[in-house]
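# Secondary and tertiary structure notes
The residues making up each chain are set out below.
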Amino acid sequence: MRRDCPDLVIFDCDGVLIDSEIISARMLVETLAPRGVAIDLAYVARHFLGRSYPTVLKVIRADFGIDLPETFEAEYRARLLAAFETGLAPMRDAGRVLAAMGRPWCVATSSSLPRAERSLAIAGLDALVGGAAGGRLFTSGMVAQGKPAPDLFLLAAERMGVAPDRALVIEDSLMGLMAARAAGMRAWRFTGGSHLAGPLEDEPEAARPELRFASLGEIFQIEPRLEGRVGA
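Residues numbered from 1 in each chain as written. Predicted model: local features only at pLDDT ≥ 70, side-chain atom pairs only at ≥ 80, totals over all residues. Heavy atoms only, no water.

### Comments concerning the layout of surface pockets
Basically, it comes down to this: As defined here, a cavity is a set of points on a 1 Å grid over the protein atoms alone where a 1.4 Å probe fits but cannot get out. A pocket is an open set with protein on both sides within 12 Å along at least five of seven lines, and residues line them when an atom is within 4 Å of a point. Grid points are joined across faces, edges and corners, and a volume is the space filled by probe spheres set on the points. Secondary structure counts use DSSP, requiring at least four H or I residues in a row for a helix and at least two E residues in a row for a strand, with both numbered from the N terminus. Polarity classes work like this: nonpolar for Ala, Val, Leu, Ile, Met, Phe, Trp, Tyr, Cys and Pro, charged for Asp, Glu, Lys and Arg, and polar for all others, with Gly in that last group.
By volume, the largest pocket is sized at about 670 Å³. Lining the largest pocket we find 38 residues, and of these Phe48, Gly50, Arg51, Ser52 and Tyr53 sit closest to its centre. Among the elements of the structure, helix H1 (21-32), helix H2 (41-47), helix H3 (53-64) and helix H4 (71-87) are those that each provide at least two residues to the lining of the largest pocket. Along the lines of polarity and charge, the residues of the lining of the largest pocket split into 16 nonpolar, 13 polar and nine charged. In this structure, the second largest pocket encloses a volume near 280 Å³. In terms of lining, the second largest pocket is formed by 16 residues, of which the most central are Ala45, Arg46, Leu49, Leu196 and Glu201. Counting residues per element, the lining of the second largest pocket draws most heavily on H2, which supplies four residues. Its residues assigned to classes, the lining of the second largest pocket comprises ten nonpolar, four polar and two charged.

Following this line, the structure appears as structure tokens:
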């Protein structure tokens, strides 16, 4: 493992800061079923984890020959946010870790801006992260290509004024890890979300992280210099 301390930590949101991926997968399965698309949670994890909504449209069209109506996205997002209101929680130690960070940090997510802002608010992390106007939240709508392309992470590093090779990405999905590696950034894989409770899938070389950890609180054990009260 590299010994130098990163100048920027980029957190993914869904599946890293908030335990949302299992809820999102269930809602997608339930919303697609009446449209004649029968998929399971494993299919969602394999094809959609860490990716933006347009990917859903492309994959469903390719695999099932179905063009989802324009109203589908709004229907899915409404059901998802309703489920979030009653079932979404932050990852354990997420707030504590963000509050204690001693190096610049931000959030880069494949979610839309409205969903990201609302999810963070429900999870009680909005005061720490802020919205896009606060300069710490970057979403897929801000770039031409979502993960696994490096665009989103490169944008975040540029806006935060840090060179890509000085940034560390905390990701849960293979697509996010691929994006981080493609951006020339270090990548740690967080495996503590509910959606990763079973055996991890094989990681291709392009998505292989520097290390894996299951509790956000471990970040400061792995790299004590990231914590604010510890001198850099």
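### Here we look at the packing of H4 against helix H6 (residues 113-122)
Spelled out, the test is: Structural elements are reduced to axes, namely lines fitted to C-alpha atoms, with helices fitted over the stretch in contact, and the angle between N-to-C directions of any two is expressed from 0 to 180 degrees. Note on angle classes: values under 35 degrees are labelled roughly parallel, values over 145 roughly antiparallel, values of 65 to 115 roughly perpendicular, and the remainder oblique. Less than a right angle of anticlockwise turn of the near helix away from the far helix marks a crossing as left-handed, whereas a clockwise turn marks it as right-handed. The contact definition used throughout considers only heavy atoms, calling two residues in contact when any of these lie within 4.5 Å.
It is the contact of H4 with H6, at a shortest axis distance of 10 Å, that shows an interaxial angle of 15°. Considered as vectors, H4 and H6 are oriented roughly parallel to each other. Classified by chirality, the crossing of H6 by H4 is right-handed. Seen from H4, the contacting residues are Tyr76, Arg77, Leu80, Leu81, Phe84 and Glu85; seen from H6, they are Arg115, Arg118, Ser119 and Ile122. Here the contact of H4 with H6 is built from residues that sort into five nonpolar, one polar and four charged.

### Overview of the sheet that holds strand S4 (residues 167-171)
Backbone-to-backbone hydrogen bonds pair the strands of a sheet. The strands run either parallel or antiparallel. Keep this limit in mind: Paired strands, as defined in this entry, are two strands with at least two bridges between them according to DSSP.
One open sheet holds the six strands; their spatial order is S3-S2-S1-S4-S5-S6, and the pairing between them is parallel. Every other strand in the sheet has two partners, leaving strand S3 (137-139) and strand S6 (211-213) as the edge strands with one partner each. Taking the axes of each pair of neighbouring strands and ignoring which way they run, one obtains an average angle of 25° across the sheet. Against the sheet, H6 makes contact with strand S2 (105-109) and S3, and its axis sits at roughly 140° relative to S3, the strand it touches most.

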